[in-house]
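Architecture and fold: a report
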Amino acid sequence: QVQLEESGGGLVQAGGALRLSCAASGSIFSFNAMGWYRQAPGKQRELVAQITNSAYTNYADSVKGRFTISRDSAKNTIYLQMNSLKPEDTAVYYCSQEGVAIPGVGSRDFWGQGTQVTVSS
């Protein structure tokens, strides 16, 4: 139905930057928001940044001032610019499309496969 493909992860030194991309494809339905989440080994998945259809953005306290979420609606793509990276940012980063209104089914969330971000000290 909805496919989300992340790209842009990799290995970077502390203080460096990466830009993640998430392209949505497949069936296009209305949705409430898209976001980036991350999961470090042994930890629960947590919200990193979210952007709603009205362009309201929401960030985890730990990334405020360092990360920026943006979108290109024409390309059905969102981005996460990550600056001043820290070793504690190391995690698998997942893209989500939330509150997708599927006719006859209801509201669902979709997730990408994830992309690894590793920050070395």
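Residue positions are counted from 1 within each chain, in the order its sequence is given. With the structure being a predicted model, the display of local features is reserved for residues of pLDDT at least 70 and the display and counting of side-chain atom pairs for 80 or more, all residues being used for whole-chain, interface and lining totals. Only hydrogens and water are set aside; all other atoms, that is, all heavy atoms of the structure, feed into the side-chain values.

When the centres of two rings from Phe, Tyr and Trp lie within 6.5 Å, Trp using its six-membered ring, the rings pair. Their planes under 30 degrees apart give stacked, over 60 give edge-to-face, and anything left gives tilted. Here the structure, examined in full by the defined rule, presents one aromatic pair. Here Tyr37 and Trp111 contribute two aromatic rings whose centre-to-centre distance is 4.9 Å and whose plane-to-plane angle is 65°, an arrangement assigned as edge-to-face. Remark: Trp111 occurs in strand β10 (residues 106-111) and Tyr37 occurs in strand β4 (residues 33-39); sequence separation between them is 74 residues. For Tyr37, a relative accessible area of 15% translates into the label buried. Categorising residues by exposure relies on relative accessible area from a 1.4 Å probe, with only protein chains included: less than 20% of the type maximum marks a residue as buried, more than 50% marks it as exposed, and the intermediate range marks it as partly exposed. Of the residues examined, Trp111 reaches a relative accessible area of 36% and is grouped as partly exposed. By definition, any uninterrupted DSSP run of H or I lasting at least four residues is a helix, any uninterrupted run of E lasting at least two residues is a strand, and each is numbered from the N terminus.

We call a pair of cysteine sulfur atoms a disulfide whenever their separation is within 2.5 Å. Under the defined criterion, the tally for this structure stands at one disulfide. Residue Cys22 pairs covalently with Cys95 via a disulfide, S to S 2.0 Å. In this structure the cystine formed by Cys22 and Cys95 twists about its S-S bond by roughly -75°; its chirality is therefore left-handed. With Cys22 in strand β3 (residues 18-26) and Cys95 in strand β9 (residues 91-102), this pair connects stretches of sequence that are 73 residues apart. Each member of the pair, Cys22 as well as Cys95, is classed as buried.

General note: in soluble globular proteins, nonpolar side chains tend to be found buried as a group. Membership of the largest hydrophobic core comes to 30 residues, with the highest contact counts inside it found for Trp36, Leu80, Met82 and Tyr93. Those elements that place two or more of their residues in this core are β1 (2-7), β3, β4, β5 (46-52), β7 (67-72), β8 (77-82), β9 and β11 (115-120). Top element by residues in this core is β9. It accounts for five residues. Throughout, a contact is declared for two residues whenever any of their heavy atoms are within 4.5 Å. Leaving out residues up to four positions away in the same chain, Met82 has contacts with Gly16, Ala17, Leu18, Leu20, Arg66, Phe67, Tyr93 and Val117. Side-chain atoms within 4.5 Å link the members of a nonpolar core, which is a set of buried Ala, Val, Leu, Ile, Met, Phe, Trp, Tyr and Cys residues.

Turning to the pattern of salt bridges, a few remarks are in order. Salt bridge, as used here: a side-chain nitrogen of Lys or Arg that lies within 4 Å of a carboxyl oxygen of Asp or Glu. Using the criterion set out here, one finds four salt bridges in the structure. For Asp89, the salt bridge is made with Arg38, and the minimal N-O distance between the two is 2.9 Å. With a gap of 51 residues between them, Asp89 in the loop between β8 and β9 and Arg38 in strand β4 connect regions that are remote in the sequence. The buried category is assigned to Asp89, whose relative accessible area is 1%. For Arg38, a relative accessible area of 6% gives the class buried. Note that Lys64 and Asp61 form a salt bridge whose closest N and O atoms lie 3.1 Å from each other. Under the relative-accessibility criterion, Asp61 is labelled exposed at 63%. One connected set of salt bridges, linked through shared partners, spans Arg38, Glu46, Arg66 and Asp89.

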